[in-house]
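Structural characterization, general
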Amino acid sequence: AFAVSVVSEGAEDETELPVLQNSEKSRTISKIGRELKGIVFVIQSQSNSFHSKRAEDLKRDILKQAVDLGKELPTVLLIHQIDRHEGAWTILPLMTDFSVTYGRNSSWIFFCEEDTRIQVVKLLETLRRFDKSKEWFLGKALYDEESTIIHHYAFAENPTVFKFPDFAAGWALSIPLVNKLAKKLKSEPLKSDFTIDLKHEIALYIWQKGEGPHLTPVPEFCTDDVNSYKVDHCATTFSNFLPLCGEPVNKEDVFVAVKTCRKFHGDRIPVVKQTWEREAALIEYYSDYADISIPTIDLGIPNTDRGHCGKTFAILERFLNHTSPRTPWLVVVDDDTLISIFRLRKLLSCYDPNEPVFLGERYGYGLGTGGYSYITGGGGMVFSRTAVQKLLASKCRCYSMDAPDDMVLGMCFSGLGIPITHSPLFHQARPMDYPKDYLSHQIPVSFHKHWNIDPVKVYFTWLAPNTEESSNGKKVGYNREDL
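Treat the numbers as computed from the prediction; the structure is a model and nothing was measured. (Residues numbered from 1 in each chain as written. Predicted model: local features only at pLDDT ≥ 70, side-chain atom pairs only at ≥ 80, totals over all residues. Heavy atoms only, no water.)

Axis separation between helix H8 (residues 309-322) and helix H11 (residues 405-415) bottoms out at 8 Å; the angle between their running directions is 60 degrees. Relative to H11, the element H8 lies oblique. In contact with Cys309, Thr312, Phe313 and Leu316 of H8, H11 contributes Asp405, Val408, Leu409 and Cys412. Grouping the constituent residues of the contact of H8 with H11 by class yields six nonpolar, one polar and one charged. (Axes fitted to C-alpha atoms, helices over the stretch in contact; angles between N-to-C directions. Helix = DSSP H or I, 4+ residues; strand = E, 2+ residues; numbered from the N terminus. Parallel < 35°, antiparallel > 145°, perpendicular 65-115°, else oblique. Contact = heavy atoms within 4.5 Å. Nonpolar A, V, L, I, M, F, W, Y, C, P; charged D, E, K, R; others polar.)

On strand S8 (residues 171-174), burial covers both faces: Trp171 and Leu173 on one face and Ala172 and Ser174 on the other are all buried. Looking at chain direction, strand S3 (residues 108-112) and S8 are connected through four bridges and run antiparallel. The residue of S8 that forms the bridge with Trp108 is Ser174. (Buried < 20%, exposed > 50% of the residue type's maximum accessible area, 1.4 Å probe, protein only. Pairing = 2+ DSSP bridges.)

Our next topic: the sheet that holds strand S2 (residues 75-78). Taken together, the six strands give an open sheet; going across it, the order is S2-S1-S3-S8-S5-S10, and neighbouring strands pair in mixed fashion. Whereas interior strands pair on both sides, the edge strands pair on one side only; in this sheet they are S2 and strand S10 (216-217). Bridge count between strand S5 (residues 137-139) and S10: two bridges; the pairing is parallel. The residue bridging Leu138 from the neighbouring strand is Thr216, located in S10.

This part is about the sheet that holds strand S18 (residues 362-365). The three strands are arranged S9-S18-S19 in an open sheet whose pairing can be described as antiparallel. The sheet is open, and its two borders are formed by strand S9 (194-195) and strand S19 (372-375), each paired with just one other strand. With four bridges joining them, S18 and S19 adopt antiparallel strand pairing. Residue pairing in the sheet places Gly364 in a bridge with Ser373 of S19. Contacting S9, S18 and S19, H11 runs over the sheet at an angle of about 130 degrees to S19.

As a rule of thumb, non-glycine residues mostly have phi less than zero, and peptide bonds are mostly trans rather than cis. For the bond from Ile294 to Pro295, the omega torsion is -10 degrees, close enough to zero to count as cis. Here Pro295 shows up in the loop between strand S13 (282-287) and strand S14 (296-298). Located in the positive-phi region is Phe155, a residue other than glycine, with phi close to 50 degrees. With respect to the secondary-structure elements, Phe155 resides in the loop between strand S6 (141-142) and strand S7 (164-165). In this structure, Lys449 takes a positive phi of about 90 degrees despite not being glycine. Mapping Lys449 onto the fold places it in the loop between strand S22 (446-448) and helix H13 (455-462).

Once that is clear, we can look at the pairing of S3. Taking burial as the measure, the five residues of S3 include five buried ones, the bulk of the element. Here S3 shows a buried face lined by Trp108, Phe110 and Cys112 and a second buried face lined by Ile109 and Phe111. Both strand S1 (residues 39-43) and S3 contribute to a ladder of five bridges, which runs parallel. Counterpart to Ile43 in the pairing with S3 is Cys112.

Right, let's talk about the nonpolar core for a bit. If you look at the biggest cluster of nonpolar residues, it comprises 86 residues, and the most contacted ones within it are Met95, Phe98, Leu173 and Leu344. Summarising the domain contributions, this core has at least three residues from each of domain 1 (33-238) and domain 2 (251-466). When residues no more than four places from it in sequence are discounted, the contact partners of Met95 are Phe111, Leu173, Val178, Leu181, Ala182 and Leu185. Counting 27 residues, the second largest nonpolar core, distinct from the first, contains Ile43, Ala55, Leu69 and Ile118. (Core = buried A, V, L, I, M, F, W, Y, C linked by side-chain atoms within 4.5 Å. Domains from an automatic or database assignment.)

Quick look at the packing of aromatic side chains now. Note on aromatic pairs: each is described by the distance of the centres and the angle between the planes. Inspection of the entire model under this criterion finds 23 aromatic pairs. Between Phe358 and Phe413, the aromatic rings sit 4.7 Å apart at their centres with planes inclined by 35 degrees, giving tilted as the arrangement. Taken as a pair, Phe358 in strand S17 (residues 358-360) and Phe413 in helix H11 lie far apart in primary sequence, 55 residues in all. One exposure class covers both Phe358 and Phe413, and it is buried. When the centroid spacing of 5.6 Å and the interplanar angle of 70 degrees are considered together, the rings of Phe447 and Trp462 count as edge-to-face. A residue pair is termed long-range when its members are at least 10 positions apart, and Phe447 in strand S22 and Trp462 in helix H13 qualify at 15 residues. Here Phe447 falls in the buried class, since its relative accessible area comes to 1%. By relative accessible area, which is 7% here, Trp462 ends up buried. Three or more aromatic residues joined by ring pairs make a cluster, and in this case those are Phe98, Tyr102, Phe111, Phe137, Phe167 and Trp171. We note Arg262 situated over the ring of Tyr289; from NZ or CZ to the ring centre the distance is 3.7 Å. The ring of Trp89 has Arg362 sitting right over it, with the charged end atom 4.0 Å from the ring centre. (Phe/Tyr/Trp six-rings, centres within 6.5 Å; stacked < 30°, edge-to-face > 60°. Lys NZ or Arg CZ within 6 Å of the ring centre and 35° of its normal.)

Direction vectors running N to C along H8 and helix H10 (residues 385-393) enclose 115 degrees, while the axes themselves pass 10 Å from each other. Like other packed secondary-structure pairs, H8 and H10 cross with a definite hand, here left-handed. Here H8 contributes Phe313, Leu316, Glu317, Phe319 and Leu320 to the contact with H10, which in turn contributes Arg385, Val388, Gln389, Leu391 and Leu392. Residue classes in the contact of H8 with H10 are distributed as seven nonpolar, one polar and two charged. (Left-handed = near helix turned anticlockwise from the far one by under 90°.)

Okay, structure coming up:
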């Protein structure tokens, strides 16, 4: 009897153990499901067909991971589909809607870019470390090494003290913080001014001059490439590359217009000729004076000290009426813009020139009160011929010859219902005006301004087709850390 009882107890143990494990497993799956349902994923997407497809792919990937984990699915939103706000991409105007819709039943809003890659289980493990009933602002921390014009020289005494999130790594707000921001926005609507560097401006708004939370750095939010040996601990990674969708567009498919004026012929144009002019098959220099040594074309429009709207619209007219209709792309740059036409041709392989494309670095004006987005001119403005045709067929023109051309173009395209397309690879400022860690996961297309730098050195360091270029028969290379 004793022996039988031992055997039967052993048999009971053997049959019960898997049951216990299964029950534990189902409890774990159920917990993961609840946690996952508590996250609202917001992809910072765009309506251009190339970008919207990438965002949809990421959405599918998040939902597939969720299905593999259990039945509960999280909410995944695409910013460009939230069309009630012209300024949806600036995120803060959405806080009220987020609070009303998700304020009771969710725990986190997690924001990411279309090229952010997410390991959902690791993300849940990471967020579990933070008490969701408290106000949290989580992300990968960036900071300025020196005070910079793009941040209005904020924290000039020690710019390293203020941290802001690298959107590429993903960033998160706890629902209590979302509710607090929504309440504040109700009583103090966003001011009608400029959006220049969104990640910095959001961090400033949340910080509230020390009354709100600082960004809490999260080491699991990463921007390393998914194939890097460093990413074992990462909940997020980032596709670290310049997009290429097939062969780069032909040199002859890109017409480059350089805006200049007589007073800069002597110092700025030689820099263009020493650096990126050789990459452009079709290039013209537009000035207020015809100088055959360059040569420049006098458009008959006097130079202005402020905006250059008259000149830019004359360039658009000339592109439409005096270049081959088979040339699908126009790039308009300043004479102190440093640009890689070689990389731009790769990037343009991802866009359909039959769509009205207006591409570059996106800024915003008055977006809290129904303003508009625009491509900032210094980093370079890229137009498909279709976009130029639609613009010039409309009645939208400069309200004065010296109006800011980039802002007028933004206003015009907004009125036409043509969204601008943002690429972080275009830069309105110099390399040292951006955190090194931010630039480390980019292959930049442009920088702007010659102020306090050696522009030739900056070009060969950051933008040349190879970082080593032949100069007088010698190889020269520069270290980015020196700049």
